[in-house]
Amino acid sequence: MKGRILLINPWIYDFAAYCEWTEPLGLLSIAALLRENGYQVGLIDCLDRRDPKLPSGLRDDNYGRGKFLKTPVENPSAISHVPRRYGRYGLPMEAFQEELQSQPRPDAIFVTSGMTYWYPGPFEAIKRVKVHFPGVPVLLGGVYATLCYNHAREMSGADCVVPGEGELEALRIADQLTGGQSNYSRYTASLDSFPWPLHELRRNQGYAAIQTSRGCPFQCTYCASSLLHPQGFRRRDPRRVADEIEYCFRELGIRDFAFYDDALLVEAERHIHVLLDEVLRRGLACRFHTPNGLHARYIDRALAAKMYQAGFTTIRLGLETADAHEQRRTGSKVNNDDFRAAVHNLRAAGFGARQLIAYLLMGLPGQSAAEVMDSVDFVHECGALVQITLYSLIPATAEWERAVHEGHIEAGADPLLHNDSIYPFPWSPASLEDFERAKARATAGNHALAASS
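On to the overall build of the protein. When helices and strands are counted, the protein shows 15 helices and 18 strands. Taking the principal axes of the C-alpha coordinates as reference, the protein spans close to 60 × 55 × 45 Å. Expressed as a percentage of the 453 residues in the protein, the buried residues total 57%. When contacts within the protein are restricted to residue pairs at least 6 apart in sequence, those whose partners lie at least 24 apart make up 77%. Accessible area of the protein: about 18700 Å², with a carbon and sulfur share of 49%.

Quick look at the structure:
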């Protein structure tokens, strides 16, 4: 073995957090590449809900979702005005320290990061591993490290910050630190030249995340996909994806799979149809979930029927708004006719209303409460349920630039202020009361629709 690398999936620090098929897919992809090139890899997973050191009572729903353990902590000064209880979600600190004690001294430590406003989690992990393993280089990657690169370099305490897709850079740094010599020629622009994520490194959570592609061909004004994947929209061979699903199903005993794609259904005949045909041919009795939201425009009758046959169980549709002008302004990924047809096709295929949830955004710069209310009514009329999602400003997106230009937020603001829990936002004309009314309307309509279907 060339050396040992310790990987850390840190806690979430927030006002609320819920495990919706959460898996550190980027970190597990790095783990797979390192192992393929002769490194030993270890993992401390602060979001492991199956850790035996956790207190009892963290129950799963039927598909593997559930609450994280919450440890209340003091609100950081930047968000001390928020009248909610801040917390650390995941392993108790004593359990983390026990995990550190059990780890052999590594040659390097790689820490990942999630949402920009979750940065206190990686910061805490970095601080503690530096005390426990003095002199061991610590690298920070992930979403926060990419979108808030300068903040991470200045504030995190990491020895190196790696933005973007980090597999090859992580391998290069590991080789530099250990004197290893890996064969880089086998890795090309094709995602199929890389091994699939090392799912088995993590304690079995009862589910696995699957990513058949990276990036997105659309350029929505509120989305960071193109910033996280500047190489553009790329897809894996759907047959190799089927191999990964079959391995997890047969070897790891996993039945529930969550697609992490931003554009799973694009060019459906060449991609998702091929994948689902393989799933059916191989007799994989899986349940599929789509927490990232699907593009409604691609769901015709044939695809809806095949999704139902292959075991799709939880379907989220990305509508965001039913206002035609806002749909065009924010990227034209969907229109109301597309959405209405998709819901109709899914219902005709056999899906019930409870399985179909449309994401609606609230809190976009300039967005009125009336627009949200009208969108709620539209979704219910089509026959799907509603989930209102408060918009979080994401650095370097078009909506971010608009908010900065209009003076609603400073370009260098603390990333904690990106958190949707600070609502009402200074850039939104909708009040907290408007949000509560919209939620109540969505909830009432959801109950009525679910009861009648």
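Moving on, we come to the packing of helix α12 (residues 336-349) against helix α13 (residues 369-382). The N-to-C vectors of α12 and α13 enclose an angle of 35°; their axes lie 9 Å apart at closest approach. Taking contact as the criterion, the partners of N336, F339, R340 and V343 in α12 are, on α13, F378, V379 and C382. Within the contact of α12 with α13, the residues separate by chemical class into 5 nonpolar, 1 polar and 1 charged.

This next bit is on the pairing of strand β1 (residues 4-9). The buried fraction of β1 amounts to 6 of the 6 residues, a majority that puts the element mostly inside the structure. Both faces of β1 are covered, namely the face carrying R4, L6 and I8 and the face carrying I5, L7 and N9. Of the pairings in the sheet, the one linking β1 to strand β8 (residues 108-111) comprises 4 bridges and is parallel in character. Along β8, the bridge assignment pairs I8 with V111.

With that out of the way, let us pick up the pattern of salt bridges. Tallied over the entire structure, the rule returns 39 salt bridges. A salt bridge links R50 to D60; the shortest N-O distance between them is 2.8 Å. Highlighted residues: R50 in the loop between β4 (40-45) and β5 (66-67) and D60 in the loop between β4 and β5, separated in sequence by 10 residues. The class of D60 is partly exposed, set by a relative accessible area of 30%. Between R214 and E167 there is a salt bridge, with its nearest N and O atoms 2.5 Å apart. One end of the pair, R214, is in strand β12 (residues 213-214); the other, E167, is in helix α6 (residues 167-178), and 47 residues separate them in sequence. You'll find R214 and E167 in the same group, each marked buried. In the salt-bridge network here, residues are joined through shared partners; they are D243, E246, R250, E278, R281 and R282.

A word on the nonpolar core. Burial of nonpolar side chains together is a common tendency in soluble globular proteins. Core analysis: the largest hydrophobic core is formed by 110 residues, its most contacted members being F96 and F339. With 7 residues, α13 is the largest single contributor of residues to this core. Those residues within four positions of F339 in sequence are excluded, and the remaining contacts are A296, L317, L319, V334, A358, F378, V379, C382 and A384. Core analysis: the second largest hydrophobic core is formed by 24 residues, Y39, V162, A174 and Y187 among them.

Glancing now at the packing of helix α2 (residues 93-102) against helix α3 (residues 120-132). As a packed pair, α2 and α3 sit with axes 11 Å apart at the nearest point and diverge in direction by 40°. As summarised for this structure, α2 and α3 are arranged oblique, according to the angle between their axes. At the point where α2 passes α3, the crossing takes the right-handed sense. Between α2 and α3, the contacting residues are M93, F96, Q97, L100 and Q101 on the first element and E124, A125, R128, V129 and H132 on the second.

Another aspect to go through is the state of the cysteines. Counted under the stated rule, the structure contains 0 disulfides. Residue C148 stays outside any disulfide, its sulfur separated by 15 Å from that of C223, the closest cysteine. A relative accessible area of 8% places C148 in the buried class. C216 carries a free sulfur, and the closest cysteine sulfur to it, the one in C220, is 6.3 Å from it.

Take the packing of aromatic side chains next. Under the defined criterion, the tally for this structure stands at 15 aromatic pairs. A centroid spacing of 5.2 Å and a plane angle of 70° characterise the contact between F15 and Y86, whose relative ring orientation is edge-to-face. Taken together, the residues span a long stretch of sequence, with F15 in the loop between β2 (12-14) and β3 (18-19) and Y86 in the loop between β6 (70-72) and β7 (87-89) at a distance of 71 residues. This pair shows no difference in class: F15 is buried, exactly as Y86 is. Among the aromatic side chains, those forming a connected cluster through ring pairs are F257, F259, F288 and F312. In this arrangement the basic side chain of R88 is found over the ring face of W11, its NZ or CZ atom lying 6.0 Å from the centre.

The next thing to look at is the sheet that holds β7. Pairing in this open sheet of 3 strands is antiparallel, and the strands run β2-β7-β6 from one edge to the other. Looking at strand neighbours, the two that pair on one side only are β2 and β6, the edges of this open sheet. Within this sheet the neighbouring strands show an average axis-to-axis angle of 25°, counted without direction. In this structure, β6 lies alongside β7, joined through 3 bridges in antiparallel fashion. Paired with P72 across the bridge in β7 is G87.

The next subject is the sheet that holds β4. Pairing between sheet strands relies on hydrogen bonds along the backbone, with the strands arranged either parallel or antiparallel. Strand order in this open sheet of 5 strands is β4-β1-β8-β9-β10, and the pairing throughout is parallel. Each end of this open sheet is capped by a strand with a single partner; those strands are β4 and β10 (160-161). Of the strand pairs in this sheet, β8 and strand β9 (residues 138-140) are connected by 3 bridges, and their pairing is parallel. Considered in β9, the bridge of F110 is made with L139. In this fold helix α1 (residues 25-36) packs onto β1, β4 and β8, with an angle of close to 170° to the strand it touches most, β1.

Rules used in this analysis
Residues numbered from 1 in each chain as written. Predicted model: local features only at pLDDT ≥ 70, side-chain atom pairs only at ≥ 80, totals over all residues. Heavy atoms only, no water. Helix = DSSP H or I, 4+ residues; strand = E, 2+ residues; numbered from the N terminus. Buried < 20%, exposed > 50% of the residue type's maximum accessible area, 1.4 Å probe, protein only. Contact = heavy atoms within 4.5 Å. Areas by Shrake-Rupley, 256 points an atom, 1.4 Å probe, with all protein chains shown as cover. Axes fitted to C-alpha atoms, helices over the stretch in contact; angles between N-to-C directions. Nonpolar A, V, L, I, M, F, W, Y, C, P; charged D, E, K, R; others polar. Pairing = 2+ DSSP bridges. Salt bridge = Lys/Arg side-chain N within 4 Å of Asp/Glu carboxyl O. Core = buried A, V, L, I, M, F, W, Y, C linked by side-chain atoms within 4.5 Å. Parallel < 35°, antiparallel > 145°, perpendicular 65-115°, else oblique. Left-handed = near helix turned anticlockwise from the far one by under 90°. Disulfide = S-S within 2.5 Å. Phe/Tyr/Trp six-rings, centres within 6.5 Å; stacked < 30°, edge-to-face > 60°. Lys NZ or Arg CZ within 6 Å of the ring centre and 35° of its normal.

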